Amino acid sequence: MSRQKTNQLMIALITTIAIIVVIPVILVILFMFYNGLSALNWEFLTTAPYNGLRQGGIMPALLGTVYLTFATAIVSFPLAIAAAIYLAEYARDNRLTRAVRLAIVNLAGIPSIVYGLFGLGAFVLFMGFGTSIIAGALTLGILTLPVVISTAEEAILAVPQEFRTVSLSLGATRWQTIRYQVLPQALPGIITGIILGLGRAAGETAPILFTVAAVYLPELPKSIFDQSMALPYHLYVIATQVPGMPLSVQYGTALVLLLLVLSLTLVATIIRTNIRRHRQW
Amino acid sequence: MSPKISLANLSFTYPDGVAALKNITLDIPANEIFVIFGPSRSGKSTLLRVLNRLSDLVEGAQHQGAVTFNNQNIFERDVNVTDLRRRISMVFAIPTPLPGSIRDNLTYGLRMAGIRDVQTLEERVMRSLKQAALWDEVKDRLDASAFALSGGQKQRLCLARSLALEPDVILLDNPTSGLDPLSTAMVEDSLYELKRRYTIIMVPHSTQQAARVADNAAFLLDGELVEVGKKSQLFMRPKNKRTEDYITGRFG
């Protein structure tokens with residue numbers, strides 16, 4: 001076969017495979033829209049379920065997930081920034097650094113149900129928070145750490161070395177250099193990482209199973225020490241535990257969850273594109 | 001008059017074992033342009049970086065000997081490094097504005113030193129820009145991004161940024177790299193003006209520039225100090241054969 005023929009064949013092959021990869025994603029989204037769109041309306045989003053969850057909306061679960069996601073961000077943000085600054089700016093190649101990196105890599109590989117059980121043991125029982133938003137947020141916060149720390153570290157390392165050298169040469173201390181040069185420039189990247197991490201956290205069921213989620217609470221949580229409904233768990237319950245559950249409501253709930261996660265990813269992408277466009281160096 | 005900076009048996013070795021400076025002893029007088037020249041990789045830039053301890057940033061590097069500045073060895077434990085870097089300020093070969101406005105760049109070092117007084121800052125901005133011959137070009141757009149400046153303007157901005165600290169000594173690592181002859185002349189002219197107030201230690205762009213601007217000069221080769229002397233002597237009647245070979249263009 002001639003080189004040109006091989007070339008054309010390979011391009012065609014690679015393009016086809018690339019399209020095949022995208023198809024399932026598009027199908028899932030279309031399928032959800034097709035089946036779930038009919039259930040979506042203002043009332044669905046703003047009322048609590050009743051009649052054994054079969055009727056009404058998803059408001060407490062939706063808002064519960066929003067609260068939980070915010071609380072997770074508050075847990076995750078300082079931990080991730082501190083860890084990323086340490087790894088990117090201070091860490092030398094020693095045992096402590098290797099241990100931290102190993103821990104982060106392994107954290108990413110832990111099954112989510114294990115996070116849930118850990119959260120139950122550590123936060124709900126040992127620390128005595130009970131089944132509560134704070135226990136769930138701490139659990140989800142740890143779950144998001146690997147993603148958030150590694151993107152934050154990358155964002156910090158992407159700040160050109162020359163800025164650090166110049167800052168130090170002008171008599172700034174190491175911390176001033178990090179605070180006034182590195183972090184402001186890395187922040188959008190760090191925020192992108194956190195939002196991506198939150199996107200994952202918002203959709204998780206297993207970690208919140210024992211730590212925060214309630215099957216049915218007609219009222220919203222009053223503090224972070226209250227239980228809350230949450231969208232992924234609500235979906236799990238109505239899809240498997242409620243006989244005679246209308247399919248459209250199940251798909252509608254799934255669609256809302258999907259849109260919530262997708263919109264988080266979208267926001268992260270928009271921020272990232274914006275940084276690239278406005279970066280001056 | 002006692003020298004501004006004295007180097008005594010100064011050696012510097014990079015972590016990979018490369019000896020960049022070998023046993024250098026040198027006196028740098030105050031209020032003149034002291035030029036350090038030599039072929040690439042002869043240790044010129046390393047020498048500049050050691051003088052305000054930017055060399056500390058190289059992890060695992062070793063140094064011996066002493067650098068005396070204001071009657072103190074800069075390597076001693078109780079030396080405040082951030083203070084030292086304000087007193088001996090570095091301008092890099094590649095002009096690197098910090099992200100932010102022209103004014104932000106000029107006031108950065110002062111703000112980091114805790115100076116917040118707006119009037120002081122404004123006054124320093126104006127004076128340093130005038131000293132670096134940049135004032136007329138940027139006075140109407142101090143809040144514009146420093147990245148919008150041309151290459152020659154950035155170079156002078158970086159010079160002004162160091163001057164704003166009102167240091168004792170300015171280290172210039174090839175301050176006219178990538179500049180056209182006109183901008184080079186502008187920078188050189190401002191140096192003659194500046195040496196009245198500051199001690200300037202400079203790695204030149206070329207031997208010609210060294211011969212133009214220097215009061216005293218030192219010739220480095222492979223980390224060794226080959227010869228040091230007044231410009232008239234060093235460039236006209238070098239004592240060392242290697243110096244002569246280099247400045248007459250027989251190598252390097």
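What comes next concerns the included structure. (Residues numbered from 1 in each chain as written. Chains lettered and ligands numbered in written order. Predicted model: local features only at pLDDT ≥ 70, side-chain atom pairs only at ≥ 80, totals over all residues. Heavy atoms only, no water.)

1. Re the overall build of chain B
Cut-off, in case you're wondering: Runs of H or I in DSSP of at least four residues are treated as helices and runs of E of at least two as strands, each being numbered from the N terminus. We take the radius of gyration over the C-alpha atoms and set the globule estimate at 2.2 Å times the residue count to the 0.38 power. Two residues form a contact once any of their heavy atoms are found within 4.5 Å. To be clear on the numbers: accessible area is Shrake-Rupley with a 1.4 Å probe, and residue cover counts the displayed protein chains and nothing else. Under the counting rule used here, the positive set is Lys and Arg, the negative set is Asp and Glu, and His together with the chain ends is not counted. Here the site of a charge means atom NZ of a Lys, CZ of an Arg, CG of an Asp or CD of a Glu.
Counting its regular elements, chain B contains ten helices and ten strands. The C-alpha radius of gyration of chain B comes to 18 Å, within 12% of the 18 Å expected for a compact globule of 252 residues. Taking as baseline every contact in chain B between residues at least 6 positions apart, the subset at least 24 positions apart corresponds to 67%. Summing over all exposed atoms, chain B offers an accessible surface of approximately 11,100 Å²; the carbon and sulfur share of this is 48%. In chain B, 32 side chains carry a positive charge and 29 a negative one; their mean positions are 1 Å apart.

2. Some details on helix H10 (residues 231-240) of chain A
Residues and elements named next belong to chain A. Here is the rule we go by: Using a 1.4 Å probe on the protein chains alone, a residue whose accessible area is under 20% of its type maximum counts as buried, one over 50% counts as exposed, and one in between counts as partly exposed.
With seven of ten residues buried, H10 is to be regarded as a mostly interior element. Along H10, the residues classified as buried are Leu-231, Pro-232, Tyr-233, His-234, Leu-235, Val-237 and Ile-238. Considering only its buried residues, H10 is in contact with strand S1 (49-50), helix H3 (59-90), helix H8 (174-203), helix H9 (206-209) and helix H11 (247-278).

3. Some thoughts on the interface of chain B and chain A
In plain terms, the rule: For this document, the term salt bridge refers to a Lys or Arg side-chain nitrogen within 4 Å of an Asp or Glu carboxyl oxygen. In protein, a polar contact means a hydrogen-donor-capable atom and an acceptor-capable atom, both N or O and within 3.5 Å, with residues adjacent in sequence counting only if both atoms are side-chain atoms; elsewhere, any N or O pair within 3.5 Å suffices.
On the side of chain A, 19 residues touch chain B, which itself brings 22 residues to the contact. Summed over the shared surface of chain B and chain A, the result is zero salt bridges. Our enumeration of links across chain B and chain A arrives at three residue pairs in polar contact (both at pLDDT 80 or more). Mapped onto the side of chain B that touches chain A, the elements with two or more residues apiece are helix H2 (81-87), strand S6 (88-91), helix H3 (102-112) and helix H6 (151-163) of chain B.

4. Digging into unusual backbone geometry
All names here are of chain B. Its identity as a non-glycine residue notwithstanding, Asn-23 has a phi of 55 degrees, on the positive side. On the secondary structure map, Asn-23 appears in strand S2 (residues 19-28). Positive phi, normally seen in glycine, also occurs at Asn-71, with a value near 60 degrees. As for its placement among the helices and strands, Asn-71 is situated in the loop between strand S4 (62-69) and strand S5 (72-73).

5. Looking at the sheet that holds strand S10 (residues 224-230) of chain B
Residue and element names in this part refer to chain B. We apply this condition: Only strands that DSSP links by at least two bridges are regarded as paired with each other. For every element, the axis is a line fit to its C-alpha atoms; helices are fit only across the contacting stretch, and the angle between N-to-C directions ranges from 0 to 180 degrees.
The strand order S6-S7-S8-S3-S9-S10 describes an open sheet built from six strands, whose pairing is mixed. Strands with a single pairing partner mark the edges of an open sheet, and in this sheet they are S6 and S10. Ignoring which end each strand starts from, the neighbouring axes of this sheet average 15 degrees apart. Packing against the sheet, helix H7 (residues 181-194) makes contact with strand S3 (33-37), strand S7 (169-173) and strand S8 (199-203), and its axis sits at approximately 150 degrees to S8.

6. Focus on a nonpolar patch on the surface
All names here are of chain A. We apply this condition: Residues enter patches when they are more than 30% accessible in relative terms and free of salt bridges; like-charged ones are connected within 9 Å and nonpolar ones (Val, Leu, Ile, Met, Phe, Trp, Tyr) within 5 Å.
On the surface, Met-10, Leu-13, Ile-14, Ile-17, Val-21, Val-22, Val-25, Ile-26 and Leu-30 cluster together into a nonpolar patch covering about 830 Å² of accessible area. Considering the arrangement of structural elements, one finds Ile-14 in helix H1 (residues 3-36). According to the relative accessible area criterion, Ile-14 is exposed, its value standing at 53%.

7. Thoughts on the nonpolar core
Selection rule: To define a nonpolar core, start from buried Ala, Val, Leu, Ile, Met, Phe, Trp, Tyr and Cys residues and group those joined through side-chain atoms within 4.5 Å.
A:Ile156, A:Ile190, B:Ile5, B:Leu7 and B:Ile201 are the most contacted members of the largest nonpolar core, which has 67 residues in total. Here this core gets eight residues from one element, more than from any other, and that element is H3(A). Setting aside residues no more than four positions away along its own chain, A:Ile190 makes contact with A:Phe77, A:Ile81, A:Ala152, A:Ala155, A:Ile156 and A:Leu183.

8. A look at the packing of aromatic side chains
What counts here: The pairing test for Phe, Tyr and Trp rings, Trp by its six-membered ring, is centres within 6.5 Å, and the orientation test on the planes gives stacked under 30 degrees, edge-to-face over 60, and tilted for anything in between.
In this structure the tally under the stated criterion is nine aromatic pairs over all chains. Plain terms: the ring middles of A:Phe31 and A:Tyr251 are 5.5 Å apart, the flat faces sit at 85 degrees to each other, and that makes the pair edge-to-face. In this pair, A:Phe31 sits in helix H1 while A:Tyr251 sits in helix H11, placing the two residues 220 residues apart along the sequence. Between B:Phe37 and B:Phe235, the ring centres sit 5.2 Å apart and the planes meet at 25 degrees, which makes this aromatic pair stacked. Here B:Phe235 lies in helix H9 (residues 231-236) and B:Phe37 lies in strand S3, a separation of 198 residues in the sequence. We classify B:Phe37 as buried; its relative accessible area is 3%. Residue classification places B:Phe235 among the buried residues on the basis of a relative accessible area of 14%. Chaining the aromatic ring pairs together yields one cluster made of B:Phe37, B:Phe219, B:Phe235 and B:Tyr246.

9. So, the pattern of salt bridges
This model, assessed by the stated rule, comprises 19 salt bridges over all chains. Where A:Lys222 meets A:Glu219, a salt bridge forms, and the shortest distance between an N and an O atom there is 3.2 Å. What makes A:Lys222 exposed here is its relative accessible area of 69%. B:Arg212 is paired through a salt bridge with B:Glu188; the nearest N and O atoms lie 2.8 Å apart. Of this pair, B:Arg212 sits in helix H8 (residues 207-213) while B:Glu188 sits in helix H7, and the two are 24 residues apart along the sequence. Judged by relative accessible area, B:Glu188 falls into the buried class, the value being 6%. Here the salt bridges do not stand alone but share partners, grouping B:Glu123, B:Arg124, B:Arg127 and B:Glu166 into one network.

10. Here's the deal with the sheet that holds S5(B)
Residue and element names in this part refer to chain B. Taken in spatial order, the four strands make up an open sheet running S2-S1-S4-S5, and their pairing is antiparallel. A single partner strand is all that each edge strand has here, and the edge strands are S2 and S5. Inspection of the sheet shows strand S1 (residues 5-13) paired to S2 by six bridges, in the antiparallel sense. Residue pairing across strands places Thr-13 opposite Ala-19, the latter belonging to S2.

11. Section: H3(B)
All names here are of chain B. In terms of residue burial, H3 counts as a mostly covered element, since eight of its eleven residues are buried. Buried within H3 are the following residues: Ile-102, Asn-105, Leu-106, Thr-107, Tyr-108, Gly-109, Leu-110 and Met-112. Count one or two residues on from H3 and you reach Gly-114, which has phi positive near 95 degrees.

12. So, the environment of A:Pro232
All names here are of chain A. With respect to the helices, strands and loops of the structure, Pro-232 is situated in helix H10. For Pro-232, a relative accessible area of 3% gives the class buried. Taking the C-alpha atoms as reference, Pro-232 lies 9.5 Å from Leu-209; in sequence the two are 23 residues apart. Setting aside residues no more than four positions away along its own chain, Pro-232 makes contact with Thr-65, Ala-202, Gly-203, Glu-204, Thr-205, Ile-208 and Leu-257.

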